[in-house]
Amino acid sequence: MISEWVLPAVVCAPVTWVSLVFRFREEGRLLGSLRSAALTAGVVLWTAAVAAVAGGLVLPHASSVPPAAVGAVAGTGVIPRGRAEQTGARAVLAVLTLGDSLLLHQLALRLRSDRADWCDRMAEGFRDCWDLDAFATDLRDHLLMRVDVPGRTGRARTVLRKEIVERHGEVKTAAQKWITAETRVEKACQQQGRRPTPEEVRLVRRAFGEAEQYLRHLLELGHAYGKRSDARRLLALRERHLAYEEVDDDAVAVGR
């Protein structure tokens, strides 16, 4: 009973976890939110249950198959396979783990949603593009310093480094567009002694929104390739630039 039902499940659980980490290594963090953690646990438990049932039903008829092998094979079933590999034993495994497909689909959607929410939180809060641009520069430097990691090929490092620089360039261009529009509107209002028109306000807000969106695009790389400790570091960088805004406001208030 233990060897045929329990052992495959016990072996399958950690193998499934490692397989999930490999499958979603650049998609997000499996434990990044309560719902993603629950879906991850659901996949692990479901796959382990399939391994237990498969072990209990198959092993009595194939005594030469080790119970641990059943759990290991079932655990690797969550790794995506090419069509060429979906034959023989893999086809049988695909049928056995059919219930995982819905959970894996929901998990993939949740990881994308978690990433978008994280990028939104990190990009919001800046009141002007001066500080947003400064944060983006620190973010670029932070990411570039972490490109050269063991296990990443030279080509992958070059591609990632180029992508970081390009996305930062998009942020900088959008921030400069906002600065130019803001300066032009302020100058026109001072010269004409008036308040900004609704169209001018929309123009400036639209430019600021574009800069925020490009910053989210850059932040996606930090979420995809960073670790949990990196997230805390980036949050500290963001808070530092937001603190600069508060200091500037205090200085203006004292000056008044």
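Computed from a prediction, not measured in an experiment: that's the story for all the values here.

Let us look at helix α5 (residues 100-123). Across its 24 residues, α5 extends 34 Å between first and last C-alpha, which sits within 8% of the 34 Å expected from 1.5 Å per residue. Gly125 sits one or two positions beyond α5 and adopts a positive phi of about 105°.

Moving on: the side chain of His142. Topologically, His142 is positioned in helix α6 (residues 129-144). Accessibility expressed as a relative area gives 6% for His142, which makes it buried. With residues near it in sequence (within four places) discarded, His142 still touches Asp230, Arg233 and Leu234.

Let us look at the packing of aromatic side chains. Applying the stated rule across the entire model yields two aromatic pairs. The cationic tip of Arg25 hangs over the ring face of Phe22; the distance from NZ or CZ to the ring centre is 4.3 Å.

For the rest of this paragraph, the subject is the nonpolar core. With 34 residues, the main nonpolar core has Leu215, Leu218 and Leu219 as its most contacted residues. Elements supplying a minimum of two residues to this core: α5, α6, α7 (154-192), α8 (198-225) and α9 (228-255). Examining the composition of this core, we find that 10 residues originate from one element, α7, more than from any other. What Leu218 contacts, discounting residues up to four positions off in sequence, is Ala136, Leu139, Leu143, Ile164, Arg167, His168 and Val171. Core analysis: the second largest hydrophobic core is formed by 11 residues, Leu20, Leu30, Val43 and Leu104 among them.

One pass over the full model with this rule turns up 15 salt bridges. For the salt bridge of Arg161 with Asp148, the shortest nitrogen-to-oxygen distance reads 2.9 Å. Here Arg161 is found in helix α7, whereas its partner Asp148 is found in the loop between α6 and α7, with 13 residues between them in sequence. A relative accessible area of 30% places Arg161 in the partly exposed class. What makes Asp148 partly exposed here is its relative accessible area of 48%. Among the ionic pairs, Glu220 bridges to Arg167, the shortest N-O distance being 3.6 Å.

Running from N to C, α7 and α8 point in directions that differ by 160°, and their axes come no closer than 9 Å. With respect to each other, α7 and α8 are oriented roughly antiparallel. In this structure, α7 meets α8 at a crossing whose hand is left-handed.

Here we come to the confidence of the model for the protein chain. Residue-level pLDDT values for the protein chain average 82, and 77% of them are 70 or greater. Averaged pLDDT values over the elements of the protein chain bottom out at 53 in helix α4 (residues 89-96) and peak at 95 in α7. Overall, residues 84-89 carries pLDDT values under 50, and its contacts beyond four positions in sequence, including any with other chains, amount to four contacts. Contacts of residues 250-256 to residues separated by more than four positions or lying in other chains number zero contacts, the stretch itself having pLDDT below 50.

Attention now moves to the packing of α6 against α8. At a minimum axis distance of 11 Å, the contact between α6 and α8 shows a crossing angle of 15°. Judged on the interaxial angle alone, α8 and α6 are roughly parallel. The element α6 and its partner α8 pack so that their crossing is left-handed. Here Cys129, Leu132, Phe135, Ala136, Leu139 and Leu143 of α6 come into contact with α8, specifically with Phe208, Ala211, Glu212, Leu215, Leu218, Leu219, Leu221 and Gly222. When its residues are assigned to classes, the contact of α6 with α8 shows 12 nonpolar, one polar and one charged.

In this section: a nonpolar patch on the surface. Taken together, the side chains of Trp5, Val6, Leu7, Val10 and Val53 make up a nonpolar region of the molecular surface, amounting to roughly 380 Å² of accessible area. Residue contributions to the nonpolar patch peak at four residues, all from helix α1 (residues 2-23). Look at Leu7 and you get partly exposed, because its relative accessible area is 34%.

Time to look at α6. Relative to the 22 Å expected for 16 residues at 1.5 Å per residue, α6 spans 22 Å between its end C-alpha atoms, a close match to the ideal helical length. Where α6 starts, the residue carrying a side-chain oxygen 3.0 Å from the main-chain nitrogen of Trp130 turns out to be Asp128.

This part is about the environment of His168. Turning to its location among the elements, His168 is positioned in helix α7. His168 sits in the buried class, given a relative accessible area of 5%. As for His168 and Leu139, which are separated by 29 residues in sequence, their C-alpha atoms are 8.6 Å apart. If sequence neighbours within four positions are ignored, His168 has contacts with Ala136, Thr137, Arg140 and Leu218.

Parameters at a glance
Residues numbered from 1 in each chain as written. Predicted model: local features only at pLDDT ≥ 70, side-chain atom pairs only at ≥ 80, totals over all residues. Heavy atoms only, no water. Helix = DSSP H or I, 4+ residues; strand = E, 2+ residues; numbered from the N terminus. Expected span 1.5 Å × (residues − 1). Buried < 20%, exposed > 50% of the residue type's maximum accessible area, 1.4 Å probe, protein only. Contact = heavy atoms within 4.5 Å. Phe/Tyr/Trp six-rings, centres within 6.5 Å; stacked < 30°, edge-to-face > 60°. Lys NZ or Arg CZ within 6 Å of the ring centre and 35° of its normal. Core = buried A, V, L, I, M, F, W, Y, C linked by side-chain atoms within 4.5 Å. Salt bridge = Lys/Arg side-chain N within 4 Å of Asp/Glu carboxyl O. Axes fitted to C-alpha atoms, helices over the stretch in contact; angles between N-to-C directions. Parallel < 35°, antiparallel > 145°, perpendicular 65-115°, else oblique. Left-handed = near helix turned anticlockwise from the far one by under 90°. pLDDT = per-residue confidence, 0-100. Nonpolar A, V, L, I, M, F, W, Y, C, P; charged D, E, K, R; others polar. Patch = residues over 30% accessible without salt bridge, like charges linked within 9 Å, V, L, I, M, F, W, Y side chains within 5 Å. Areas by Shrake-Rupley, 256 points an atom, 1.4 Å probe, with all protein chains shown as cover. Polar contact = N/O pair within 3.5 Å; in protein donor to acceptor, adjacent residues only side chain to side chain.

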